[in-house]
Amino acid sequence: MSRWVILGVLALAALAVGVMVGPADVAGGAALQALLGRGDDITVGIVRQLRAPRALLAFGVGGSLAVTGAVLQALVRNPLADPYLLGLSGGAGLGAVLAIALGLGGAWAVPAAAAIGAVVAVALVYRLAVVAGAVLDTRVLLLGGVVVGAFCAALVGAVLALSPADQLRNALLWLLGGFDGASWPALGVFAAYAAIPLAVLYRASRPLDLLSLGEEPARFLGADVEPLKRTVYLAASVLTAAAVAVSGIIGFVGLVVPHAIRMLWGHSHRSLLPAAFLLGGALLAGADAVARVAFAPLSLPVGVVTAVVGVPVFALLLRKWAS
Amino acid sequence: MRSSASARAALIVAVLAGACTADPRPADPPVARRVVSLAPSLTELLFAIGAGERVVGRTRWCDYPPAALDIPSVGEGIGFDPEAVAGRGPDLVALYPAASNRTAATRLAAMGIRTVELRTDSLDQLAPAARTLGRLTGYARAADSVARAFEALLDSARAAPRPAAPPSVLVLAWDNPPIVIGGGSFQSELVALAGGANAFGDLPQPSAPVSVEAIAARDPDVVLVSDSTVPDWTRRPEWRVVRAVRERRFVFIHGSDFARPTFRALDAVRRLRAALEAVPR
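Residues numbered from 1 in each chain as written. Chains lettered and ligands numbered in written order. Predicted model: local features only at pLDDT ≥ 70, side-chain atom pairs only at ≥ 80, totals over all residues.

Peer 1: Is there a simple way to think about the interface of chain B and chain A in this case?
Peer 2: One frequently used descriptor of interface size is the decrease in accessible area upon assembly of the parts. Listed as interface residues are 23 residues of chain B and, on the opposing side, 29 residues of chain A. Residue assignment for the side of chain B that touches chain A shows that the elements contributing at least two residues are β8 (207-209) and α8 (212-218) of chain B. The element contributing the most residues to the side of chain B that touches chain A is α8 of chain B, with five residues. Across the side of chain B that touches chain A, the residue classes tally to 14 nonpolar, two polar and seven charged. (Contact = placed C-beta atoms within 7 Å. Helix = DSSP H or I, 4+ residues; strand = E, 2+ residues; numbered from the N terminus. Nonpolar A, V, L, I, M, F, W, Y, C, P; charged D, E, K, R; others polar.)

This is the structure:
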């Protein structure tokens, strides 16, 4: 029980930090006042329209990436699996870079193109991995994801090589990921797309426990393996596509958070998934706050912060776990 | 005001003169007759000093003066292809000293092709760059008079009285992630010469990534848009927090005279000054 309290406090603390700090000189109590609508226009706007949705979006994306990583690691039974392994990041990156290079209009063109690219890549990998009518071969899923990702990365490279220099830098920055596009509508769109896959994955947590033992044992123990694999893969894909659309490609969280929870907590998906959501969310919301203030007014790519903070912690965990 | 007008007239005369006559006496090293220019600003300088007819290769970005478009392109100027450049048979290659140009420049040197590296990041570097190009192409006198006219014009623009409370101007290079123009860019000086103050002029970098929050907190008076229409990002909800965006206080300045440092910079300043004065405060 106390573990949940610690995680809950960590999550709330990360969200609070996200609202209370930033490059603008509005901190602590003043920020909380502004959250309640007290203060001048600019201060209230900064806290209510920028910091609050940004902290919540970072939390939601971090949590979703961690959950996706956890279920994909179980699905393909490979500890290196992460949300971007299955060709998704390549497809999303290609969509976004094409939208930037072609100068597609509209305020939501780049996120929409990223989501479409991700869905196309996922469909392609899925089609490769479905053999004999209905059987989803997870080995093909893994390899198909890698090659589709590599193919997309090659096309991204070609588009970047042929684009003007300033667009090139901007597209590269977009690929690094971040929450500069955060707003209440963006959070709403993300929540609408993330809610169902999250619920589906949580409902699949018992059969996922069986699946992580291997497909044969899972079948013997009564899991309906083929529908389960398809459902989990599609839910994870939708969840990642939603995350990519609002934040670009943020690595590390989806790979490492599930492992950290397993080391500290054990393998049952019923607790692994919610715990990964809370820790992933706290990590990304906290990292985004650090990215905004560490060198203010300059901002760092959030992926840089998650890795710089997360890798040493994870390395310590690995040593502890190995000994 | 009068001195600036006369200096402008002198610049125009000098450019015309440069365009008409080459120096009779070539400078010390053999005069370059076939020049490949690997930066749009250098191409403009070569034409401004009257050496346009010597330019046999340009980058795909060199679009001014219009006559430059008739010259074959060798592709990129940063990270250029030495084979494409050598294929134009140049005896001089003018390039920007970027790290990614080093290796290719060495390859040209190995082929016996002379290179000159010229930095044109600020307005102060333009006149010396023009003089160097003039010396190398045999247009030293024309280059010197164009350079001198520009320097006089620049001095008088700098000496012009500044408004007591200049409007703060957000110069945005990109919207997501937001990248602003910092004090290290010549565009910051263009804004200052036009009677404004770059909202992020305190940053030493030419450009830097910041958050929308940092922009909202600085609360700029106007947003400079290097486009001819209101861009799409201004309709995104997170940008509505920035007051100047919400109140649609945009200043449009579209054109290569603002995008790159050239002798036309003061035209951009004049247009920008007029645009800034038209914005209600």
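Peer 1: How do you make sense of unusual backbone geometry when you look at a structure like this?
Peer 2: Leave glycine aside and you will find that most residues have negative phi; peptide bonds, for their part, are mostly trans. Geometrically, the link from A296 of chain A to P297 of chain A is a cis peptide bond, its omega value of 5° lying close to zero. Backbone torsion omega between Y64 of chain B and P65 of chain B reads -10°, so that peptide bond is classified as cis. Take P65 of chain B: it is sitting in the loop between β2 (55-57) and α3 (82-86). Phi at F252 of chain A takes a positive value of approximately 80°, unusual for a residue other than glycine. Tracing the backbone through its elements, the reader meets F252 of chain A in the loop between α11 (225-247) and α12 (253-265). Positive phi outside glycine occurs at D219 of chain B, with the angle close to 45°. Within the element layout of this structure, D219 of chain B appears in the loop between α8 and β9 (222-225). The class of D219 of chain B is partly exposed, set by 15 C-beta atoms lying within 10 Å. (Buried ≥ 20, exposed ≤ 12 C-beta atoms within 10 Å, placed from the backbone.)

Peer 1: Any chance you could explain helix α6 (residues 140-159) of chain B here in plain terms?
Peer 2: Owing to its 3.6 residues per turn, the α-helix aligns residues three or four sequence positions apart on the same side. Here α6 of chain B is 20 residues long and its end C-alpha atoms lie 28 Å apart, about the 28 Å a rise of 1.5 Å per residue gives. When we look at burial in α6 of chain B, the residues that qualify are A140, A142, A143, S145, V146, A147, A149, F150, L153, L154 and A157 of chain B. (Expected span 1.5 Å × (residues − 1).)

Peer 1: Hey, could you run me through the sheet that holds strand β4 (residues 114-117) of chain B in this one?
Peer 2: Through backbone hydrogen bonds, the strands of a sheet pair up, either in parallel or in antiparallel fashion. All names here are of chain B. The strand order across the open sheet formed by four strands is β2-β1-β3-β4, and the pairing between neighbours is parallel. Edge strands, defined here as strands with exactly one partner in the open sheet, are β2 and β4. Across the sheet, the mean angle from the axis of one strand to that of its neighbour is 35°, orientation sign disregarded. Bridging between strand β3 (residues 92-95) and β4 involves four bridges; their strand directions are parallel. Residue pairing across strands places V93 opposite T115, the latter belonging to β4. (Pairing = 2+ DSSP bridges. Axes fitted to C-alpha atoms, helices over the stretch in contact; angles between N-to-C directions.)

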